[in-house]
Amino acid sequence: MLSNEVIKKLNEQVAKETYASNLYFNMSSWCYTHRYDGAGLFLFEHAKEESTHATKLISYLNETDSLLTIESIEKPESNFKSLLDVFEKTYEHELKITKSINELVELALNVKDYSTFNFLQWYVAEQHEEETLFRGIKDKISLAGNSDTSLYLIDEYIKGLTGK
Ligand code: OFO
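Residues numbered from 1 in each chain as written. Predicted model: local features only at pLDDT ≥ 70, side-chain atom pairs only at ≥ 80, totals over all residues. Heavy atoms only, no water.

Observations concerning the packing of helix 1 (residues 4–33) against helix 2 (residues 37–63)
Test applied: Only the stretch in contact is used when fitting a helix axis, every axis being a line fitted to C-alpha atoms; angles between N-to-C directions are given from 0 to 180 degrees. Numbering of helices and strands runs from the N terminus, with a helix taken as a DSSP run of H or I at least four residues long and a strand as a DSSP run of E at least two residues long. Put simply, angles under 35 degrees are roughly parallel, angles over 145 are roughly antiparallel, angles from 65 to 115 are roughly perpendicular, and the rest are oblique. Left-handed is the label given to a crossing in which the near helix is rotated counterclockwise from the far helix by less than a right angle, and right-handed is the label when the rotation is clockwise. Polar here means any residue outside two lists: the nonpolar Ala, Val, Leu, Ile, Met, Phe, Trp, Tyr, Cys and Pro, and the charged Asp, Glu, Lys and Arg; Gly therefore counts as polar.
Interaxial distance between helix 1 and helix 2 falls to 8 Å at its minimum, and their mutual angle equals 165°. When the axes of helix 1 and helix 2 are compared, the pair comes out roughly antiparallel. Helix 1 and helix 2 meet at a crossing whose hand is left-handed. Looking at the contact of helix 1 with helix 2 residue by residue, the classes come out as 19 nonpolar, 9 polar and 4 charged.

Remarks on the side chain of E50
To keep it simple, the criterion reads: Buried residues are those whose accessible area, probed at 1.4 Å on protein chains only, stays under 20% of the maximum for their type, while exposed residues exceed 50% and partly exposed ones sit between those limits. Lys and Arg are tallied as positive, Asp and Glu as negative. Neither His nor the chain termini are counted. Each salt bridge in this description consists of a side-chain nitrogen of Lys or Arg and a carboxyl oxygen of Asp or Glu lying within 4 Å of one another.
Relative to the helices and strands, E50 is located in helix 2. Of the side chains with opposite charge, K16 lies nearest to the buried E50, which makes no salt bridge, at 12 Å.

A closer look at the pattern of salt bridges
In total, this model carries 8 salt bridges according to the counting rule given. E45 is the salt-bridge partner of K48, the closest N and O atoms lying 3.5 Å from each other. Of the two residues, K48 and E45 are both situated in helix 2; the distance of 3 residues between them amounts to about one turn of the helix. Residue class for K48 comes out partly exposed when judged on its relative accessible area of 37%. Residue E45 is classed as partly exposed on the basis of its relative accessible area, which comes to 21%. Here K89 and D85 are joined by a salt bridge, their closest N and O atoms 3.2 Å apart. Highlighted residues: K89 and D85, both in helix 3 (residues 83–110), separated by 4 residues, approximately one helical turn.

Focus: the packing of aromatic side chains
Defined as follows: Centres within 6.5 Å are what make two rings of Phe, Tyr or Trp a pair, Trp counting through its six-membered ring; a difference in plane orientation under 30 degrees is then read as stacked, over 60 as edge-to-face, and the rest as tilted.
Following the criterion strictly, the structure yields 10 aromatic pairs and no others. Taking the centre distance of 5.9 Å and the plane angle of 75° together, the rings of F42 and F134 count as edge-to-face. Taken together, the positions of F42 in helix 2 and F134 in helix 4 (residues 114–144) put the pair 92 residues apart, joining distant regions of the chain. On the basis of relative accessible area, F134 is assigned to the buried category, the value being 0%. Between W122 and Y123, the aromatic rings sit 4.8 Å apart at their centres with planes inclined by 80°, giving edge-to-face as the arrangement. Note on W122: relative accessible area 34%, which makes it partly exposed. What makes Y123 buried here is its relative accessible area of 1%.

So this is what it looks like as structure tokens:
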């Protein structure tokens, strides 16, 4: 049996992961409509991944007989200045998600909820991986500069990260 406070925070995390999924779908669409098809595909795949992060939390709530109470999901932005702007924002967003996961882990420990603490370790590892991934992409776009050729090559590089 989870505490009400833990259930509330897990529900909030469902909303945050869903927001991330929606944000990345918007970013993917912006990329496709600005001819960055590689980044569009990468973000489309990543948006689907974020949605599985939400459903994994929902399954955990179901397994622990805890009520899912999805709150309204904030509208994500859909206009970006450049490919660099998109990936700077993905990185900033991942930092926010990491902070939120860390707060949940801390709460689970404080209330001695070792089951939730253990469940959350998957998210801790995932955030480490995603921060590294998005920081890497953002830094490479910065290094490549703004010429059409370098942006084309960067877009191909990002596409390669999907393995497709
Ligand atoms: Fe990329 O954030 Fe989910 O966990």
